[in-house]
Amino acid sequence: MKSTDEATIEYVSAKESDQVSRKLLSWLNRYQNFPAGIRSIDFEYLGEDKPCMALSTIQGAYKTVQYISGGYVAQYQFKLIYRAQPNTNSDRLKMDEALDLMADMAIYRFSEKEDYPDIGDGLNVTELTCDTRSGFFGRYENGDEDHQILMTMEYERK
């Protein structure tokens, strides 16, 4: 039996969540300083035996505030994953440094209004935060290692 004190998560429509993913991915792919061997970030996909990056949703976008007018505030939680085959501790640290720099630059671009993410008509990004610094996530038999950084984007529909 569900407690009446538990908050019910109300997700935005699948269409909106997909649009936000697509637009955010496009905005992140305008980054100019990808690590060697990486030209873009893929969505929910990491290859093997080569350096690559992916944007992965942690859960679909969900409403955090509902306005009487029908508008709302929503949160989109995601992670950036960097896969490579590091040979040394220095290589591993460089993977984390690359992800940390990427997140810092995204937040700077947003906070300075230098390059605001356009996530669709009627949707305005209000906050972009880095929830963790980069860290090791997993190692695989072929030598691939994944490092990740967790981020949250808050947006509003008026």
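Given the structure is predicted, the values throughout are model-derived calculations rather than measurements.

J.: Looking at this structure, I do not really get a nonpolar patch on the surface. What am I missing?
T.: Together, L101, M105 and Y108 line one region of the surface with nonpolar side chains, adding up to about 260 Å² of accessible area. Among the structural elements, L101 can be located in helix α2 (residues 89-111). For L101, a relative accessible area of 42% translates into the label partly exposed.

J.: Which parts of the structure should I look at to understand the environment of T129?
T.: Within the secondary structure, T129 sits in strand β6 (residues 123-130). The class for T129 is partly exposed, based on a relative accessible area of 25%. Between the C-alpha atoms of T129 and D104, which are 25 residues apart in sequence, the distance is 9.1 Å. When neighbours within four sequence positions are excluded, T129 is seen to be in contact with I107, M151 and T152. Side-chain polar atoms of T129 contact the side chain of D131, separated by 3.3 Å.

J.: Sorry, what's going on with the pairing of strand β5 (residues 72-84) here?
T.: In regular strands, side chains alternate between the two faces of the sheet. Within β5, 13 of the 13 residues are buried, leaving the element largely enclosed by the surrounding structure. Neither face of β5 is left uncovered, since the one carrying Y72, A74, Y76, F78, L80, Y82 and A84 and the one carrying V73, Q75, Q77, K79, I81 and R83 both have all their residues buried. The pairing of strand β3 (residues 52-57) with β5 spans six bridges and is antiparallel. Note on β5: the bridge partner recorded for C52 is R83. Where strand β4 (residues 62-66) meets β5, four bridges bridge the pair, whose relative direction is antiparallel. The partner of Q66 across the bridge, within β5, is Y72. Connecting β4 to the next strand, β5, in antiparallel fashion are five residues, including G70 with a positive phi near 105°. Alignment of β5 against strand β8 (residues 145-157), held across 13 bridges, turns out to be antiparallel.

Conventions and cut-offs
- Residues numbered from 1 in each chain as written.
- Predicted model: local features only at pLDDT ≥ 70, side-chain atom pairs only at ≥ 80, totals over all residues.
- Heavy atoms only, no water.
- Patch = residues over 30% accessible without salt bridge, like charges linked within 9 Å, V, L, I, M, F, W, Y side chains within 5 Å.
- Areas by Shrake-Rupley, 256 points an atom, 1.4 Å probe, with all protein chains shown as cover.
- Salt bridge = Lys/Arg side-chain N within 4 Å of Asp/Glu carboxyl O.
- Helix = DSSP H or I, 4+ residues; strand = E, 2+ residues; numbered from the N terminus.
- Buried < 20%, exposed > 50% of the residue type's maximum accessible area, 1.4 Å probe, protein only.
- Contact = heavy atoms within 4.5 Å.
- Polar contact = N/O pair within 3.5 Å; in protein donor to acceptor, adjacent residues only side chain to side chain.
- Pairing = 2+ DSSP bridges.

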